[in-house]
Amino acid sequence: MILDGKSLSAKVLEGVKLRVEKLERKPHLVVILVGEDPASKIYVRNKQIAAEKVGIKSTVLELPNSVTEEELLNKVEYYNNDPDVTGILVQLPLPKHIDKNKVTMAISPKKDVDGFTPENVGKLAIGLEPYFYPATPQGIIMLLDEYKIPIEGADAVVIGRSNIVGKPVAQMLLKRNATVTVCHSYTKDIESKIKTADIVISAVGKKIVRCKMDKKNSVVVDVGIFRDSNNRLTGDVDFDLVSSSAGYISPVPGGVGPMTIASLMYNASKVY
Ligand code: GUN
C-alpha cells in the first residue's frame, strides 16, 4: 500500500485554510533567503505558493550572499519585535561565513515555525509540548496516523541523525512509545536492523534501504530526495524491492515532500 502524501497534504492544507479563515489575528510568515542556492530558491517559492493557497500572508526577504552575520541577526530581531509577523523561517543552508546555530537561536521560539530553536527542541526532548514541531517529522507522523499505523510498541528504525529530520522524528516516535533505533554512518550491519523493523524512516540522501523486509506489515517512509546518475529524482529506498515485501511504502516524489509543506503551513497558521 502506498502512503499517499500528495492526497493527505491536500486534505491538511484544506483544514489549514479553514482554520486561518476563522482566526482573528491573521498569521504572517516571513521567510528569509540568503544567497542564490537553486534548491533553496525552489523550496522558498513552494512555501510561498502554499501560503498563498491557504490564505497565509507571506513575505520573502531575499538577502545577498555577502550579507554579514550581524545584518542577518538584526533582521531576525526586527521580525521578532514586529507584532504583525507571527512566523519566521530562515532557509538553510546559510553561507559559510554565517553561523547557522547563532541565527536559529536568535529566532523567537513563539515564531519558530521550523521548530529549530533550543527551546522548542528542548521541550520536545523533555516531553513538553513545543510551540512548533519540525515540519518534516510532524508531516511523517501525520502520514502514519492517517493510515492508522500503530506507533506504540513498534520497533522503529530511523536512518540519519540530522537536526531537521532524524533526531526530531526519533524523539516524536519515542514520545508515542515506539522503541527507536537511530542509525547513521557509523552503524554496523544496518541491513539487519532495517529488515526486522516495524517502521523504517530513512533520511539520508543515498540509496540505503535496499533489502527485503521480514514483516509483511512493515512500513517504510522515504524522506530522501536526490538525483540519480540519470538525473532522475529518487529517494533512499529501492522502491521495487521494498514495496514487494513491506506493507506500506511512501513514494518519492509524492510522499513526504508534500507532507513537509502541508505541515509547515499548519505551523504557520499557529499564532502565539
Ligand atoms: N532546508 C532544508 N530543509 C529545511 C527546513 O525544513 N527548514 C529550513 N529553514 N531550511 C531547510
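Just above, that's the structure.
Please read all numbers here as calculations on a predicted model, not as lab measurements.

1. Here's the deal with the overall build of the protein
Then, number 1: A tally of regular secondary structure across the protein gives ten helices and ten strands.
Then, number 2: The C-alpha atoms of the protein give a radius of gyration of 19 Å, which matches the 19 Å a tight globule of 272 residues would have.
Then, number 3: For the protein, the C-alpha atoms occupy an extent of roughly 55 × 40 × 40 Å along the three principal directions.
Then, number 4: Counting all 272 residues of the protein, 48% fall into the buried class.
Then, number 5: Long-range contacts, defined here as pairs at least 24 residues apart, represent 69% of the contacts in the protein between residues at least 6 apart.
Then, number 6: Charge separation in the protein, taken as the distance between the mean sites of 36 positive and 32 negative side-chain charges, equals 2 Å.

2. Focus: the nonpolar core
Nonpolar side chains in soluble globular proteins tend to end up buried together.
Then, number 1: Core analysis: the biggest nonpolar cluster contains 49 residues, and Ile56, Ile140, Leu173, Val221 and Met265 have the highest contact counts within it.
Then, number 2: Setting aside residues no more than four positions away along its own chain, isoleucine 140 makes contact with Val165, Val169, Ile201, Val221, Val223 and Val256.
Then, number 3: Formed by 17 residues, the second largest nonpolar core is a distinct cluster that contains Tyr79, Val85, Ile98 and Ile107.

3. Points about the pattern of salt bridges
Then, number 1: In this structure the tally under the stated criterion is eight salt bridges.
Then, number 2: Residues lysine 57 and aspartate 84 are paired through a salt bridge, measuring 3.2 Å at the closest nitrogen-oxygen approach. Within this pair, whereas lysine 57 is found in strand S2 (residues 57–63), its partner aspartate 84 is found in the loop between helix H3 (69–80) and strand S3 (87–90), the two being separated by 27 residues in sequence.
Then, number 3: Exposure remark for aspartate 84: the relative accessible area of 39% places this residue in the partly exposed category.
Then, number 4: Where glutamate 69 meets lysine 102, a salt bridge forms, and the shortest distance between an N and an O atom there is 3.0 Å. One end of the pair, glutamate 69, is in helix H3; the other, lysine 102, is in helix H4 (residues 100–106), with 33 residues separating them in the sequence.
Then, number 5: Since its relative accessible area comes to 19%, glutamate 69 is described here as buried.
Then, number 6: You can call lysine 102 partly exposed: its relative accessible area is 43%.

4. Overview of the site of the ligand
Then, number 1: The environment of the ligand is formed by Leu89, Val90, Gln91, Leu92, Asp114, Phe116 and Ile164.
Then, number 2: In the model, a nitrogen atom of the ligand is placed 2.7 Å from a nitrogen or oxygen of the aspartate 114 side chain.
Then, number 3: Considering the ligand on its own, with 270 Å² of exposed area, one finds that the protein chains cover 81% of that surface.

5. Section: the sheet that holds strand S4 (residues 155–159)
Then, number 1: Read across the sheet, five strands follow the order S5-S4-S6-S7-S10 without closing on themselves; strand pairing throughout is parallel. Edge positions in the sheet fall to strand S5 (179–183) and strand S10 (248–249), since each of these pairs with one other strand and no more.
Then, number 2: As defined by bridge partners, S4 adjoins S5 across five bridges and the pair is classed as parallel. Its bridge partner lying in S5, alanine 156 is registered against valine 180.
Then, number 3: Contacting S4, S5 and strand S6 (199–202), helix H7 (residues 166–175) crosses the sheet at an angle of about 170 degrees to S4.

6. Points about H3
Then, number 1: In this model H3 runs 16 Å from its N-terminal to its C-terminal C-alpha over twelve residues, within 8% of the 16 Å that 1.5 Å per residue would give.
Then, number 2: Every buried residue belonging to H3 is among Glu69, Leu72, Leu73, Val76, Tyr79 and Asn80, and all of these are buried. Buried residues along H3 cover an arc of 125 degrees about the axis, so they all sit on one side. Turned more than 90 degrees away from the buried face of H3 sit Glu70 and Tyr78, all of them exposed.
Then, number 3: Check the buried side of H3 and you find it contacts strand S1 (28–34), S2, S3 and H4.

7. A short note on the packing of aromatic side chains
Then, number 1: The final tally for this structure, using the stated rule, is four aromatic pairs.
Then, number 2: Aromatic pair tyrosine 78 and tyrosine 79: ring centres 5.3 Å apart, planes at 75 degrees, arrangement edge-to-face.
Then, number 3: With 4.9 Å between their ring centres and 70 degrees between their planes, tyrosine 131 and tyrosine 272 make a pair best called edge-to-face. Placement of tyrosine 131 in the loop between helix H5 (118–125) and helix H6 (135–146) and of tyrosine 272 in the segment after helix H10 (256–268) is noted, with a sequence separation of 141 residues between them.
Then, number 4: A residue is classified by how much of its surface remains accessible, and tyrosine 272, at 41% relative accessible area, is partly exposed.

8. Side note on the pairing of S6
Then, number 1: Neither face of S6 is left uncovered, since the one carrying Ile199 and Ile201 and the one carrying Val200 and Ser202 both have all their residues buried.
Then, number 2: Judged from the four bridges that link them, S4 and S6 form a sheet pairing that is parallel. Looking across to S6, one finds that alanine 156 is bridged to isoleucine 199.

About the criteria used
Residues numbered from 1 in each chain as written. Predicted model: local features only at pLDDT ≥ 70, side-chain atom pairs only at ≥ 80, totals over all residues. Heavy atoms only, no water. Helix = DSSP H or I, 4+ residues; strand = E, 2+ residues; numbered from the N terminus. Rg over C-alpha atoms; globule rule 2.2 N^0.38 Å. Buried < 20%, exposed > 50% of the residue type's maximum accessible area, 1.4 Å probe, protein only. Contact = heavy atoms within 4.5 Å. Lys, Arg positive; Asp, Glu negative; His and termini not counted. Charge placed at Lys NZ, Arg CZ, Asp CG, Glu CD. Core = buried A, V, L, I, M, F, W, Y, C linked by side-chain atoms within 4.5 Å. Salt bridge = Lys/Arg side-chain N within 4 Å of Asp/Glu carboxyl O. Near = heavy atom within 4 Å. Polar contact = N/O pair within 3.5 Å; in protein donor to acceptor, adjacent residues only side chain to side chain. Areas by Shrake-Rupley, 256 points an atom, 1.4 Å probe, with all protein chains shown as cover. Pairing = 2+ DSSP bridges. Axes fitted to C-alpha atoms, helices over the stretch in contact; angles between N-to-C directions. Expected span 1.5 Å × (residues − 1). Arc of directions from axis to C-beta. Phe/Tyr/Trp six-rings, centres within 6.5 Å; stacked < 30°, edge-to-face > 60°.

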